[in-house]
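This is what each chain is made of:
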Amino acid sequence: TTIWKVQSDASSAHPFLTEAGSWIARGRTVAFPTETVYGLGADAGNTVAVEAIFEAKGRPSDNPLIVHIADEEQLDALARHVDDTSRLLMRAFWPGPLTLVLPAKPGAVSPRVTAGLSTVAVRMPAHPVALALIRAAGCPVAAPSANRSGRPSPTLASHVRDDLDGRIGGIVDGGPAGVGVESTVVVVEAGGSRIRVLRPGGVTVADMRRAAPGVEVTVETAAEEAFAPRSPGMKYTHYAPQGKLTLVQGEPGEVAAYIRRTLAEAKQSGERTGVLTTAERTELYEADRVVRCGREDDMEAAARELYAALRQFDEAGITLIWADGYTASDGIGLAVMNRLNKAAGHRIVQV
Ligand code: TXA
Ligand code: MG
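Residues numbered from 1 in each chain as written. Chains lettered and ligands numbered in written order. Predicted model: local features only at pLDDT ≥ 70, side-chain atom pairs only at ≥ 80, totals over all residues. Heavy atoms only, no water.

Visitor: Explain the environment of Arg289 to me, please; I cannot follow it from the model alone.
Guide: Take Arg289: it is sitting in strand 14 (residues 289-292). Considering only alpha carbons, one finds Arg289 and Ile321, 32 residues apart in sequence, at a separation of 9.0 Å. Side chain to side chain, Arg289 and Gln312 meet in a polar contact 3.1 Å long. (Helix = DSSP H or I, 4+ residues; strand = E, 2+ residues; numbered from the N terminus. Polar contact = N/O pair within 3.5 Å; in protein donor to acceptor, adjacent residues only side chain to side chain.)

Take a look at the structure:
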């Protein structure tokens with residue numbers, strides 16, 4: 001696996017990006033930074049190349065990939081039709097952390113990208129290196145997050161190396177990703193009058209309500225997700241550290257008391273203990289590993305730090321983890337809670 005180190009604002013004229021782009025054009029896999037997390041890219045039209053992504057990640061083949069573009073004109077070749085509400089969202093949030101599920105033009109991308117669905121998920125990332133690489137490749141780039149399937153998504157090139165070294169062609173190291181959690185995935189329904197959020201992310205529900213007044217915005221509930229996931233990826237265990245994670249919620253004092261008690265018991269029985277919590281609350285715990293993630297009043301910081309924080313528990317061989325301090329229900333906090341819930345396999349204790 002070749003590593004190309006570039007500045008976070010490198011252009012497609014950069015010799016490393018020209019080279020990395022030509023690797024994609026020739027059917028190889030290249031990981032690259034985006035403003036959300038690192039992606040593992042391949043030519044979306046090349047089935048062999050796309051299969052190499054699934055192979056490298058150990059990803060189930062029924063989980064479709066997002067297609068990344070650098071210019072809105074590239075959309076014409078991918079989508080059969082773009083409704084006015086989707087168009088409005090693109091104008092408001094592209095380039096940026098929003099993925100739109102659109103009716104696919106038959107044959108536009110490899111059937112392995114769409115996993116046989118009649119729709120295609122498209123986004124234009126707001127990262128100079130990602131845009132430059134897509135332009136250098138000269139084709140739409142299929143790219144899931146560049147982690148081994150089930151592991152936390154990578155927010156640094158070193159995370160990609162930890163998971164995929166030797167399994168992929170190259171890694172463009174452009175420094176830390178931005179938002180820290182993946183893009184918001186939406187589909188527009190009901191003749192343009194409803195935006196359904198399939199995966200919360202960097203573009204919030206409030207952002208979309210503001211951009212599309214009069215259009216209803218709904219969020220797929222956990223129950224709907226479990227029953228018949230509209231976004232196939234949401235049914236898999238995700239973002240999970242190797243240790244067993246439990247989310248603890250309730251009155252802050254009682255949460256701390258509960259965690260301190262169960263943690264002491266777990267230590268006694270030989271577990272390696274970890275606590276994930278906000279800056280304000282790290283002093284409350286004496287675990288083998290206390291990892292700080294965000295601040296109570298700063299869920300954007302929590303989003304940025306979440307995946308790197310989860311990876312730290314694995315590095316320390318932690319077997320049991322409690323998460324304390326995460327109760328947000330809107331803004332970027334919705335995405336943080338969605339990922340934490342998944343990392344915990346929906347293990348939530350109310351005290
Ligand atoms: O921020 C992101 O979106 C990152 C960066 C690399 O761009 N990518 C990413 O890709 O998170 P991935 O593969 O980890 O997640 C893609 C999600 C999955 O939940 C998948 O099921 C959903 O998008 N998806 C892809 N195509 C779809 C489709 N046609 N209909 C519904 N959901 C789709
Ligand atoms: Mg992923």
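Having seen the structure, we can now continue with the description.
Visitor: Please explain helix 2 (residues 47-57) as it appears in this structure.
Guide: An α-helical turn contains 3.6 residues, so any two residues separated by three or four positions project in the same direction. By the burial criterion, the buried members of helix 2 are Ala49, Val50, Ile53, Phe54, Ala56 and Lys57. Summarising the contacts, the buried residues of helix 2 are in contact with strand 3 (39-43), helix 4 (111-114), strand 7 (141-142) and helix 6 (157-164). Where helix 2 begins, the side chain of Asn46 points an oxygen toward the backbone nitrogen of Val48, at a separation of 3.1 Å. Gly58 sits one or two positions beyond helix 2 and adopts a positive phi of about 70°. (Buried < 20%, exposed > 50% of the residue type's maximum accessible area, 1.4 Å probe, protein only. Contact = heavy atoms within 4.5 Å.)

Visitor: Would you mind going over the nonpolar core with me for this structure?
Guide: The nonpolar side chains of soluble globular proteins are, as a tendency, buried together. Counting 69 residues, the largest nonpolar core has Leu89, Trp94, Leu98, Val172, Ile195 and Met208 as the members making the most contacts within it. With 7 residues, the single largest contributor to this core is helix 5 (residues 128-137). Every residue in contact with Trp94, bar those within four places of it in the chain, is listed here: Ile69, Leu75, Leu89, Leu100, Val122, Arg123 and Met124. One finds Val181, Ala303, Ala309 and Tyr326 within the second-largest nonpolar core, a separate group that totals 28 residues. (Core = buried A, V, L, I, M, F, W, Y, C linked by side-chain atoms within 4.5 Å.)

Visitor: Explanation requested: unusual backbone geometry in the structure shown.
Guide: What is expected of a backbone is that most residues other than glycine have negative phi and most peptide bonds are trans. Following Trp94, the chain continues into Pro95 via a peptide bond in cis, with omega recorded as -10°. Phi is positive for Ala115, which is not a glycine, with a value near 50°. Here Ala115 lies in the loop between helix 4 and strand 6 (119-123). With relative accessibility at 26%, the residue Ala115 sits in the partly exposed group.

Visitor: Before we go on, may I ask you to explain the pairing of strand 11 (residues 216-219) in this structure?
Guide: As judged from the 4 bridges shared by strand 10 (residues 194-199) and strand 11, these two strands associate in the parallel manner. Bridge pairing in strand 11 places Arg194 opposite Glu216. (Pairing = 2+ DSSP bridges.)

Visitor: Sorry, what's going on with helix 11 (residues 332-343) here?
Guide: Between its first and last C-alpha atoms helix 11 spans 17 Å; for 12 residues at 1.5 Å apiece the expected length is 16 Å, and the two agree. Taken together, the buried positions of helix 11 are Ile332, Gly333, Ala335, Val336, Met337, Asn338, Arg339, Leu340, Asn341, Lys342 and Ala343. Two residues or fewer past helix 11, Gly345 is found with a positive phi of approximately 55°. (Expected span 1.5 Å × (residues − 1).)

Visitor: Would you mind showing me how to read the UniProt feature "domain: YrdC-like" (unreviewed entry) in the protein chain here?
Guide: When the UniProt feature table is mapped to this numbering, "domain: YrdC-like" (unreviewed entry) covers residues 14-203. Across residues 14-203, helical content stands at 28% and strand content at 21%; the span's end C-alpha atoms are separated by 30 Å. (UniProt positions renumbered as here; feature names shortened; annotations may be inferred.)

Visitor: Even after reading the chapter, I still don't get the packing of aromatic side chains, so can you show me in this structure?
Guide: Aromatic ring pairs are reported here in terms of the distance separating the ring centres and the angle at which the planes meet. What the rule picks out here adds up to 2 aromatic pairs. Taking 4.8 Å as the distance between ring centres and 80° as the angle between the ring planes, the aromatic pair formed by Trp4 and Trp23 counts as edge-to-face. In this pair, Trp4 is assigned in strand 1 (residues 2-5) and Trp23 in helix 1 (residues 15-25), connecting sequence segments 19 residues apart. A single burial state applies to Trp4 and to Trp23, both of which are buried. Taken together, a centroid distance of 5.5 Å and an interplanar angle of 25° make the contact between Tyr239 and Tyr307 stacked. Here Tyr307 lies in helix 10 (residues 299-315) and Tyr239 lies in the loop between helix 8 (222-227) and strand 12 (244-249), a separation of 68 residues in the sequence. Given a relative accessible area of 2%, Tyr239 falls into the buried group. Here Tyr307 falls in the buried class, since its relative accessible area comes to 0%. In this structure, Arg112 packs its charged tip against the face of Phe54, placed 5.0 Å from the ring centre. (Phe/Tyr/Trp six-rings, centres within 6.5 Å; stacked < 30°, edge-to-face > 60°. Lys NZ or Arg CZ within 6 Å of the ring centre and 35° of its normal.)

Visitor: Is there a simple way to explain the sheet that holds strand 16 (residues 348-350) in this structure?
Guide: Adjacent strands of a sheet form backbone hydrogen bonds with each other and so pair up, either parallel or antiparallel. Strand order in this open sheet of 5 strands is 14-13-15-12-16, and the pairing throughout is parallel. Where the open sheet ends on each side, the last strands, each with one partner, are strand 14 and strand 16. Strand-to-strand twist in this sheet, taken as the mean axis angle between neighbours without regard to direction, amounts to 25°. As judged from the 5 bridges shared by strand 12 and strand 15 (residues 320-324), these two strands associate in the parallel manner. (Axes fitted to C-alpha atoms, helices over the stretch in contact; angles between N-to-C directions.)

Visitor: How should I be thinking about the sheet that holds strand 10 in this particular structure?
Guide: Here we have 11 strands laid out as an open sheet, ordered 1-8-2-3-7-4-6-5-9-10-11, and mixed in their pairing. In the strand order of this sheet, the two ends are held by strand 1 and strand 11, each with one partner. Helix-sheet contacts for helix 5 involve strand 2 (30-32), strand 4 (66-68), strand 7 and strand 8 (170-173), and the interaxial angle to strand 2 is about 150°.

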